[in-house]
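A structural walkthrough
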Amino acid sequence: MANPVRMRLALVTETFPPEVNGAAMTLGRLRDGLVSLGWQVEVVRPSQKGESPAGRQGEFLVPGMPLPFYTALRMGWPVSGRLARRWREVRPDLVHIATEGPLGLAALRAAKKLGLPATSSFHTNFHEYGGHYGLHFGRAMAFRYMRWLHNETRRTFAPTRAMCRDLEQRGFRGLRVMSRGVDSALFTPERRSDELRASWGVGPDDCVVLCVGRLAAEKNLGLAVRAFLEAKASGGARRLVLVGDGPELAPLKSKYPEFHYAGVRRGADLAAHYASADVFVFPSLTETFGNVVTEAMASGVVSVAYDYAAAAEVLAPSGGGFVAPRGDEALFISKTVEACRDSVGRAARRRLAREAAERLSWSAVSAQFAADLEEVRAETPLKSR
C-alpha cells in the first residue's frame, strides 16, 4: 500500500531548473526535499522557448513571455482563470508563490477565489535590478507592489535574519527565515583538477580568481575585474575565470580577451571549476542570499564578498574568507589582493570555509520549510480546505 500524501503543494514560480540562477536552484532543491518528505508538489511555471506544452512530470505549464529588460528570463501570463480551473480539478492544500510577476499575482487571485491558503518567498531584489537597466523611476512603485503582494499571503519567507529585519522595517508582515543549504558532496575540494587548470593556462602554484554567476549589470562585474587586475599587478594573481553567461559577456570579451570565459557550467563540471580556483570574488550588491558563496566555501575556495546576505551570516563567522563593508570598493579590492598574495593564510582559510559549509544541509532547510507550511495549513479553517 502506497504511503499517504503528507500535503499537496502548488509551487508557483517564473524560474526553475534547468534555468541557472540562485532562485531556480533553491526552488529545485526545496521541491526535491519536500517530495522526499512525502509531499506531492506540482510546479506551476511559464513554458520556455521551444519547450513542449506538456512540460515535465509534476509540472503545470502556462504561457510565458520574456521580461522586457531581462530577456533571458521569462514571466508567466496572468492566467488566474486557468489556475482556478486547475486547482478545482486537483485541489492543493496550499499555494506557495515564489516570484512576484504576473504569474505570481494570478496565483494569488486564484488562491483567494478558491479559499486556498497562500504563502510567498522573497528570492530576488527585482526592484533594485531596475536601476541597472535605466528604470530608476519605477523602483519605488515596484517595491510597493511587491510589499502588497507578499502581505496578502499568510507568510513571507526570506533567506536571512537580516533581510527579515529589513523587510519588517519596510512594512512586510508575517516574515520567516527560509535559509539555504549547500550540496557539500557535489561541491568539494576533491574536485580540484590540474588538467582543468592547465586548460586555463596556469600551473599548480598560480593563483586563479573565479567569478560565477550571470554576467549582467546588477552583478557589479566591473569591481571583480578591477580587483583581479590589482591582484595581478601585485604579482598575486595569474588568471581570471568567469563562469556564466549574460548581456555583459560580449562587452567583457571585447575589452578583456585575455580572461577565460567558461560559459554556463552545471553539476560536477561546475563543481570542478569552483574547486580548481583559489580565490572567489563576489562583488554583487543586489543579492537576497548568494548561493555561490556557500558553493565556493564548500569547494574549499577563499571568498571575498560584501558583508551582507550569505557573506555576513555564513562566510564572516567561519573565518574562511574576507568581507568588506557594503559598497567599500577600496577595501574589497585590497582584500582580494591579500587573498591572492597570502598562499599560506589561504590554505588555512580554505579548511575553515569547507568546515563551515559542511554544517549546511538542504535536508534540514526543507524540513523546516515543511514545518512552517504545515503550521499555515493548521491555521486554515476546515471549511476552506
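Above this note sits the structure.
Heads up: these notes are all about the structure in this document.

Here is what the cut-offs are and how they apply
Residues numbered from 1 in each chain as written. Predicted model: local features only at pLDDT ≥ 70, side-chain atom pairs only at ≥ 80, totals over all residues. Heavy atoms only, no water. Pairing = 2+ DSSP bridges. Helix = DSSP H or I, 4+ residues; strand = E, 2+ residues; numbered from the N terminus. Axes fitted to C-alpha atoms, helices over the stretch in contact; angles between N-to-C directions. Contact = heavy atoms within 4.5 Å. Core = buried A, V, L, I, M, F, W, Y, C linked by side-chain atoms within 4.5 Å. Buried < 20%, exposed > 50% of the residue type's maximum accessible area, 1.4 Å probe, protein only. Right-handed = clockwise from strand over helix to strand, strands pointing away.

**Notes on the sheet that holds strand S15 (residues 321-324)**
- The strand order across the open sheet formed by 6 strands is S12-S11-S10-S13-S14-S15, and the pairing between neighbours is parallel. Two strands lie at the open edges of the sheet, namely strand S12 (260-263) and S15, each paired on one side alone. Across the sheet, the mean angle separating the axes of adjacent strands is 20° when strand polarity is ignored.
- Looking at chain direction, strand S14 (residues 302-306) and S15 are connected through 4 bridges and run parallel. Bridging from a neighbouring strand, Ala305 pairs with Val323 of S15.
- Contacts from helix H10 (residues 267-275) reach strand S10 (208-212), strand S11 (239-243), S12 and strand S13 (279-282) within the one sheet, and its direction differs from that of S10 by about 140°.
- Across the sheet, helix H11 (residues 291-298) is in contact with S10, S13 and S14; its angle to S13 comes to roughly 175°.

**Quick notes on the nonpolar core**
- Phe187, Leu210, Val212, Tyr274, Phe280 and Met297 are the most contacted members of the largest nonpolar core, which totals 34 residues.
- Contributing elements (two or more residues each) for this core: S10, S11, H10, S13, H11, helix H12 (309-318) and helix H14 (343-357).
- A per-element tally of this core places H11 first, with 5 residues.
- Once you skip the residues sitting within four places of it in the chain, Val212 turns out to touch Val243, Leu270, Tyr274, Phe280 and Val292.
- One finds Leu215, Ala237, Ala309 and Ala339 within the second-largest nonpolar core, a separate group that totals 33 residues.

**Section: the environment of Val177**
- Inspection of the secondary structure puts Val177 in strand S9 (residues 175-177).
- When the C-alpha atoms of Val177 and Gly58 are compared, they prove to be 26 Å apart, with 119 residues separating the residues in sequence.
- Dropping the residues within four chain positions of it, Val177 is found in contact with Phe157, Ala158, Pro159, Thr160, Arg161, Cys164 and Asp372.

**Topic: the pairing of strand S2 (residues 40-46)**
- Most of S2 sits out of view: 6 of its 7 residues are buried.
- Pairing between strand S1 (residues 8-12) and S2: 5 bridges, direction parallel. By the bridge assignment for S2, Leu11 is matched with Val43.
- At this point the chain moves from S1, through helix H1 (residues 22-36), to the parallel S2, and the crossover so formed is right-handed.
- As defined by bridge partners, S2 adjoins strand S3 (residues 59-62) across 4 bridges and the pair is classed as parallel. Bridge pairing in S3 places Pro46 opposite Val62.

Shape descriptors only; they carry no functional weight alone.
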